[in-house]
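Notes for the structure review
Chain by chain, the residues:
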Amino acid sequence: MQITPSILSADFARLADEIARIPSADGVHVDVMDNHFVPNLTIGRPVVEAVMAATDHPIDVHLMIENADRWAPEYAETGAKTITFHVEASQAPVRLARELRRLGARASLGLRPATPIEPYGDLLREFDQILIMTVEPGFGGQKFLESMLPKISRTRELAQRHGVDLAIQVDGGVSLETIERCAQAGADVFVAGSAVFTADDPDAMVRALAQAVAAAPSLGQVLLEGGC
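Residues numbered from 1 in each chain as written. Predicted model: local features only at pLDDT ≥ 70, side-chain atom pairs only at ≥ 80, totals over all residues. Heavy atoms only, no water.

Some thoughts on the overall build of the protein chain
When helices and strands are tallied, the protein chain shows nine helices and eight strands. Against the 2.2 N^0.38 benchmark of 17 Å for 228 residues, the protein chain shows a C-alpha radius of gyration of 16 Å, consistent with a compact globule. With the principal axes as the frame, the protein chain shows a C-alpha extent of 45 × 45 × 30 Å. Considering only residue pairs separated by 6 or more positions, the protein chain has 63% of its internal contacts joining residues 24 or more positions apart. Averaging the locations of the 19 positively and 31 negatively charged side chains of the protein chain gives two centres separated by 5 Å. (Helix = DSSP H or I, 4+ residues; strand = E, 2+ residues; numbered from the N terminus. Rg over C-alpha atoms; globule rule 2.2 N^0.38 Å. Contact = heavy atoms within 4.5 Å. Lys, Arg positive; Asp, Glu negative; His and termini not counted. Charge placed at Lys NZ, Arg CZ, Asp CG, Glu CD.)

Details of unusual backbone geometry
Not every positive phi belongs to a glycine, and Asn 35 is a case in point at roughly 65°. By secondary structure assignment, the location of Asn 35 is in the loop between strand 2 (28-33) and helix 2 (45-54). For Asn 35, a relative accessible area of 44% gives the class partly exposed. Look at Asn 67: it is not a glycine, yet its phi comes out positive at around 55°. Look at Asn 67 and you get partly exposed, because its relative accessible area is 42%. (Buried < 20%, exposed > 50% of the residue type's maximum accessible area, 1.4 Å probe, protein only.)

Section: the nonpolar core
By size, the foremost hydrophobic cluster in this structure holds 70 residues, and its most contacted members are Ile 7, Val 61, Ile 83 and Phe 190. Sequence-distant contacts of Ile 7, defined by excluding residues within four places in its chain, comprise Phe 12, Leu 15, Ile 19, Val 28, His 29, Val 30, Val 51 and Phe 197. (Core = buried A, V, L, I, M, F, W, Y, C linked by side-chain atoms within 4.5 Å.)

Brief notes about helix 3 (residues 68-76)
All of the buried residues in helix 3 are Ala 68, Ala 72, Pro 73, Tyr 75 and Ala 76. Down the axis, helix 3 shows its buried residues gathered within 160° of arc, on one side only. (Arc of directions from axis to C-beta.)

Topic: the pairing of strand 3 (residues 59-64)
It is a general feature of regular strands that their side chains alternate between the two faces of the sheet. Burial analysis of strand 3 places six of its six residues in the buried class, the great majority of the element. Burial along strand 3 is two-sided: the residues Ile 59, Val 61 and Leu 63 and Asp 60, His 62 and Met 64 are all buried. Where strand 2 lies against strand 3, six bridges are found, and the strand directions are parallel. Bridging from a neighbouring strand, Val 30 pairs with Val 61 of strand 3. (Pairing = 2+ DSSP bridges.)

Description of the pairing of strand 6 (residues 129-133)
Judged by how many residues are buried, strand 6 sits mostly within the fold: five of five residues are covered. The two faces of strand 6 match: Gln 129, Leu 131 and Met 133 on one face and Ile 130 and Ile 132 on the other face are all buried. Pairing of strand 5 (residues 106-111) with strand 6 involves four bridges; the strand directions are parallel. Each bridged residue has a counterpart across the sheet, and for Ser 108 the counterpart in strand 6 is Gln 129.

A short note on the pattern of salt bridges
Counted by the stated rule, this structure contains 15 salt bridges. Of the charged contacts in the structure, one is a salt bridge between Glu 136 and Arg 112, with a shortest N-O distance of 4.0 Å. Of this pair, Glu 136 sits in the loop between strand 6 and helix 5 (149-161) while Arg 112 is found in the loop between strand 5 and strand 6, placing the two residues 24 residues apart along the sequence. By relative accessible area, Glu 136 is classed as partly exposed at 41%. For Arg 112, a relative accessible area of 21% corresponds to the partly exposed category. Taken together, the shared-partner salt bridges in this structure form one network comprising Arg 45, Glu 49, Arg 70, Glu 74 and Glu 77. (Salt bridge = Lys/Arg side-chain N within 4 Å of Asp/Glu carboxyl O.)

Some remarks on the sheet that holds strand 3
Pairing is parallel across the open sheet formed by eight strands, whose spatial order is 1-8-7-6-5-4-3-2. Across the chains shown, the open sheet's two edge strands, defined by having one partner strand only, are strand 1 (2-3) and strand 2. The sheet contact formed by strand 3 and strand 4 (residues 82-86) spans four bridges and is parallel. Residue pairing in the sheet places His 62 in a bridge with Thr 84 of strand 4. Helix 4 (residues 93-102) contacts strand 4 and strand 5 of the sheet and is inclined by roughly 165° relative to strand 4. Most of the contacts of helix 5 go to strand 7 (residues 167-171), to which it runs at about 165°, and overall it touches strand 5, strand 6 and strand 7. (Axes fitted to C-alpha atoms, helices over the stretch in contact; angles between N-to-C directions.)

A look at helix 5
The terminal C-alpha atoms of helix 5, which comprises 13 residues, lie 18 Å apart, in line with the 18 Å expected from a rise of 1.5 Å per residue. Gly 163 sits one or two positions beyond helix 5 and adopts a positive phi of about 65°. (Expected span 1.5 Å × (residues − 1).)

Below you can see the structure in the form of structure tokens.
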């Protein structure tokens, strides 16, 4: 189980200081948006490299950009631990995943809320992680989509059925009110932005989120009890 706060909700004028406020985090989630794939424009490779130079935390780059096949390898070349690209923005997701792994990054496949996981069941071995968006991508601070919980469970079940050791990340509206349900559904990597960086003590919030996940029953228990 990992808590990876998103700096999308941090003070961009003080990113190094903001990241220093979350020493208990398991990594730092960096959102790259191009104002085409999503209606927002954030940062690019130079800022990603600056963030990497400012922290020892593993960097998890989430690319919400068009033409991922062209640009994702450049972000892998920065040394980021994980690169997430969206299946909706890739013409050859398997080829891209293999290229990211060749460059030393973990390959993560992102899905918008309306994109089903089932068509990619046979391809799960090609990826280290699946990112289930629990809001529409593009902006922080959105309300969690409860309708994504069954999708998280189906993704975990598909991974188990295919015998794949797969991380399932959730991003969007993750807070103390929602994180336990995500964990119960089968997620094990949690991106929290506004919940962390709007807190009086961001690191205390990171620890509280981790404790909430630790207290959540496993997917197996939930299934036995007739849950998700």
